[in-house]
Amino acid sequence: MDQIVPKSTLICGDAATKMAGLRAESIDLIIADPPYNLGKNYGNNIDLKNRAEYQAFTQSWLREAVRLLKPGGSLYCFMGVKFIARLYLMLEEDFGLTPQGWITWHYTQGMGRKKGFSPRHEDILWFSKGEDAQFNLDDVRVPQKYYRKRNNMAGANPGDVWQFSHVHYCAAERLPHPTQKPEALIERIVRASSNPGDVVLDPFLGSGTTVRVATVLNRAATGIEINPDYIEMARNRLKAPFEAFDSMDLRAARTSKDLPKEPSN
Ligand SMILES: C[S@@+](CC[C@H](N)C(=O)[O-])C[C@H]1O[C@@H](n2cnc3c(N)ncnc32)[C@H](O)[C@@H]1O
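Worth saying up front: this structure is predicted, and the values here are computed from it rather than measured.

### Digging into the overall build of the chain
When helices and strands are tallied, the chain shows six helices and eight strands. Going from N to C terminus, the chain has its helices and strands arranged as β-α-β-α-β-α-β-β-β-α-β-α-β-α. Relative to the 2.2 N^0.38 estimate, which gives 18 Å for 265 residues, the radius of gyration of the chain is 19 Å and therefore close to what a compact globule would have. Over its C-alpha atoms, taken along the principal directions, the chain stretches across nearly 70 × 50 × 40 Å. Long-range pairs, those at least 24 residues apart, make up 72% of the contacts in the chain with a sequence separation of at least 6. Accessible surface, the chain as shown: approximately 14,100 Å² in total, 52% of it carbon and sulfur. Positive and negative side-chain charges of the chain, numbering 34 and 31 respectively, have mean locations separated by a distance of 5 Å.

This is the structure:
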């Protein structure tokens, strides 16, 4: 298991304002999970703006995000269906970032609708500053569906539809935050798009998931959050002992010895 290095900084305040105080081109990876403008109650802030206000808010923090990224650095941004198409165009056309992937997080279960299809996904846009983005495939492989000789025994590329259940109320990592993201999902992003020693920023830290995961994986991490109660929650989370990510799957280490024997001629 990786050793925990306590290199984390928690900043309380507005994302765009606090990002403006950080050094340009100092961040390797930004993981942003902003409010989706769906009316959620985040304690000292309610996530409800009119469309123009929400767009201006998004523009202001994105401008800072682009300034902070190192050349080749990556931005992963979570978003709901209401704004994602507009966000994609802003990232590509207004800010000149390079699209690297559109990931669908399939969260497997949720409330059932009587009319219309029940929502089962959120999306994550991955863009980079410049074309040449870091991608550590060997660090994020998943078990192969079929262990045939032609397949890589170290596992398969996870693809761009990711299945992780929501953080259930009974999960060990669960904290009282309304939109907490699963550690294992953030782990995949951190492993794929940064290296140990790199600097990771989360401008909407919430319960502290990104900073927790990044420090466990030996990255330096900074989190910004406007609600001081959540900053306190993240601070306590960082102090708690870390056991494991629930994404570890030992089948990924299987070797070809369990393949059928070669047919003899
Ligand atoms: C979707 S949640 C992030 C959840 C987080 N990924 C986690 O796993 O816990 C968005 C967070 O952004 C915070 N927030 C809202 N407006 C903000 C702003 N202007 N600057 C910084 N944080 C803000 C909210 O308080 C909320 O905790």
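### So, the pattern of salt bridges
The tally for this structure, following the rule as stated, stands at eight salt bridges. Notably, a salt bridge pairs Arg191 with Glu187, separated by 2.8 Å at the nearest N-O pair. Of the two residues, Arg191 and Glu187 both sit in helix 4 (residues 183–193), four residues apart, roughly one turn of that helix. Owing to a relative accessible area of 18%, Arg191 belongs among the buried residues under this scheme. Residues Arg235 and Glu232 are paired through a salt bridge, measuring 3.3 Å at the closest nitrogen-oxygen approach. With Arg235 and Glu232 both in helix 6 (residues 228–239) and three residues apart, the pair spans about one turn of that helix. A relative accessible area of 38% means that Glu232 is categorised as partly exposed.

### Quick word on the site of the ligand
In the neighbourhood of the ligand, 22 residues make up the surrounding shell, with Asp14, Asp33, Ser207, Thr209 and Glu225 lying closest. Within the side chain of Asp14, an N or O atom sits 2.8 Å from a nitrogen atom of the ligand. Protein coverage of the free-state accessible area of the ligand, which is 610 Å², stands at 96%. Per-class residue counts for the shell around the ligand are 10 nonpolar, eight polar and four charged.

### Comments concerning the sheet that holds strand 5 (residues 121–128)
Pairing is mixed across the open sheet formed by eight strands, whose spatial order is 1-8-7-2-3-5-4-6. Each edge of the open sheet is held by one strand with a lone partner, namely strand 1 (8–12) and strand 6 (161–163). The average angle at which neighbouring strand axes cross in this sheet is 20 degrees, direction not considered. By the bridge criterion, eight bridges tie strand 4 (residues 98–106) to strand 5 in an arrangement that is antiparallel. If you follow Ile103 over to strand 5, its bridge partner there is Ile124. Here helix 4 sits on the sheet and contacts strand 2 (27–32), strand 3 (69–79), strand 4, strand 5 and strand 6; the angle it forms with strand 3, its principal contact strand, is near 160 degrees.

### What to know about unusual backbone geometry
Phi at Glu25 is positive, roughly 50 degrees, even though this residue is not glycine. With respect to the helices, strands and loops of the structure, Glu25 is situated in the loop between helix 1 (15–19) and strand 2. The class for Glu25 is partly exposed, based on a relative accessible area of 41%. We note that Thr108 has phi near 65 degrees; this positive angle belongs to a residue other than glycine. Locating Thr108 in the fold gives a position in the loop between strand 4 and strand 5. With relative accessibility at 34%, the residue Thr108 sits in the partly exposed group.

Definitions and cut-offs
- Residues numbered from 1 in each chain as written.
- Predicted model: local features only at pLDDT ≥ 70, side-chain atom pairs only at ≥ 80, totals over all residues.
- Heavy atoms only, no water.
- Helix = DSSP H or I, 4+ residues; strand = E, 2+ residues; numbered from the N terminus.
- Rg over C-alpha atoms; globule rule 2.2 N^0.38 Å.
- Contact = heavy atoms within 4.5 Å.
- Areas by Shrake-Rupley, 256 points an atom, 1.4 Å probe, with all protein chains shown as cover.
- Lys, Arg positive; Asp, Glu negative; His and termini not counted.
- Charge placed at Lys NZ, Arg CZ, Asp CG, Glu CD.
- Salt bridge = Lys/Arg side-chain N within 4 Å of Asp/Glu carboxyl O.
- Buried < 20%, exposed > 50% of the residue type's maximum accessible area, 1.4 Å probe, protein only.
- Near = heavy atom within 4 Å.
- Polar contact = N/O pair within 3.5 Å; in protein donor to acceptor, adjacent residues only side chain to side chain.
- Nonpolar A, V, L, I, M, F, W, Y, C, P; charged D, E, K, R; others polar.
- Pairing = 2+ DSSP bridges.
- Axes fitted to C-alpha atoms, helices over the stretch in contact; angles between N-to-C directions.

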